[in-house]
Amino acid sequence: DQQVKQNSPSLSVQEGRISILNCDYTNSMFDYFLWYKKYPAEGPTFLISISSIKDKNEDGRFTVFLNKSAKHLSLHIVPSQPGDSAVYFCAASAWETSGSRLTFGEGTQLTVNP
Amino acid sequence: DGGITQSPKYLFRKEGQNVTLSCEQNLNHDAMYWYRQDPGQGLRLIYYSQIVNDFQKGDIAEGYSVSREKKESFPLTVTSAQKNPTAFYLCASIRGDAGRTEAFFGQGTRLTVV
């Protein structure tokens, strides 16, 4: 049962344009969402997050939007730069009796072309 | 500098052998996690520990074992019972404040069965 899904395995955009990465989830108990960026053979690094009480969070070129009714979130990168080329993982967390755990999507490979 | 250290970066194992992956953190986080990444797949949770001397199975725990004798350390043993051990393994420690969960990852260990 894949509770967090990223349906696009890859995305290619031109430098300077907007990149939009999408993520859907099924568990209504998720209350915190994060995006991670990962380069090959390295650990993921935290990018941006959003609490379920908000619908938007912005940090420089990165903005995350949350639509709770649709159980959908998206990451916008504007303007896109070649250094943004990486795999982007969406993650969600819900507090459980045993503590909080993160569930990840499959990832989307973003390629920004010069 | 605070962080998470995984060792070794590359590991080769013969079929039928057990092997232990090291994960150490000095972030003073209570929770530590092990994930596995396979090509084209997301990060799948193997085991996690919210507190010393306690741990829970994740989604793909079969063939793995862990211990949590110290807060700073969460080693993962890949046993001979694990059918497909070749993968990229990621350790994370999690800062789990109320309503906010953020994972900090190590650089990963690439395990190859030869």
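Here the structure is a predicted model, which means the values were calculated and not measured.

Parameters and conventions
- Residues numbered from 1 in each chain as written.
- Chains lettered and ligands numbered in written order.
- Predicted model: local features only at pLDDT ≥ 70, side-chain atom pairs only at ≥ 80, totals over all residues.
- Heavy atoms only, no water.
- Salt bridge = Lys/Arg side-chain N within 4 Å of Asp/Glu carboxyl O.
- Helix = DSSP H or I, 4+ residues; strand = E, 2+ residues; numbered from the N terminus.
- Buried < 20%, exposed > 50% of the residue type's maximum accessible area, 1.4 Å probe, protein only.
- Contact = heavy atoms within 4.5 Å.
- Buried area = accessible area lost by both parts, 1.4 Å probe.
- Polar contact = N/O pair within 3.5 Å; in protein donor to acceptor, adjacent residues only side chain to side chain.
- Nonpolar A, V, L, I, M, F, W, Y, C, P; charged D, E, K, R; others polar.
- Patch = residues over 30% accessible without salt bridge, like charges linked within 9 Å, V, L, I, M, F, W, Y side chains within 5 Å.
- Areas by Shrake-Rupley, 256 points an atom, 1.4 Å probe, with all protein chains shown as cover.
- Core = buried A, V, L, I, M, F, W, Y, C linked by side-chain atoms within 4.5 Å.

Caption draft 1: The pattern of salt bridges, seen in detail. Residues and elements named next belong to chain B. Enumeration according to the criterion identifies five salt bridges over all chains in this entry. As a salt-bridge pair, Lys71 and Asp30 come within 3.4 Å of each other at their nearest N and O atoms. Residue Lys71 is located in the loop between β7 (64-66) and β8 (76-78), and its partner Asp30 is located in the loop between β3 (19-25) and β4 (31-37); the two are separated by 41 residues in the primary sequence. Taking relative accessible area as the criterion, Lys71 reaches 24% and is therefore assigned partly exposed. Of the residues examined, Asp30 reaches a relative accessible area of 44% and is grouped as partly exposed. Overlapping salt bridges, with partners in common, bring together Arg36, Asp38 and Arg44 in one network.

Caption draft 2: Representation of the interface of chain B and chain A within the structure. Contacts between chain B and chain A engage 24 residues on the former and 21 residues on the latter. Approximately 1900 Å² of surface area, both sides summed, lies buried where chain B meets chain A, with 52% of it carried by carbon and sulfur atoms. Here chain B and chain A share zero salt bridges between them. Connecting chain B to chain A are four residue pairs in polar contact (both at pLDDT 80 or more). Of all the secondary structure elements, the ones that give two or more residues to the side of chain B that touches chain A are β4, β5 (43-51), β9 (87-97) and β10 (100-105) of chain B. The greatest single-element share of the side of chain B that touches chain A, amounting to five residues, is contributed by β10(B). Residues belonging to the side of chain B that touches chain A are distributed by class as follows: ten nonpolar, ten polar and four charged.

Caption draft 3: How the structure looks around a nonpolar patch on the surface. Residues and elements named next belong to chain A. Taken together, the side chains of Ile18, Ile20 and Val78 make up a nonpolar region of the molecular surface, amounting to roughly 220 Å² of accessible area. Mapping Ile20 onto the fold places it in strand β3 (residues 19-25). In this structure Ile20 comes out as partly exposed when scored by relative accessible area, which is 37%.

Caption draft 4: Representation of the nonpolar core in the model. Grouped together as the largest cluster of nonpolar side chains are 24 residues, with contacts concentrated most on A:Phe33, A:Trp35, A:Leu73, A:Leu75 and A:Tyr88. At the level of elements, β3, β4 (32-38), β5 (45-51), β7 (62-67), β8 (72-77), β9 (86-96) and β11 (108-113) of chain A are the ones that each hand at least two residues to this core. Examining the composition of this core, we find that five residues originate from one element, β9(A), more than from any other. Ignoring sequence-local partners within four residues, the contact set of A:Leu75 consists of A:Ser19, A:Ile20, A:Leu21, A:Trp35, A:Leu47, A:Ile48, A:Phe62, A:Thr63 and A:Tyr88. Counting 20 residues, the second-largest nonpolar core is a separate cluster that includes A:Tyr32, A:Leu102, B:Leu90 and B:Ala92.

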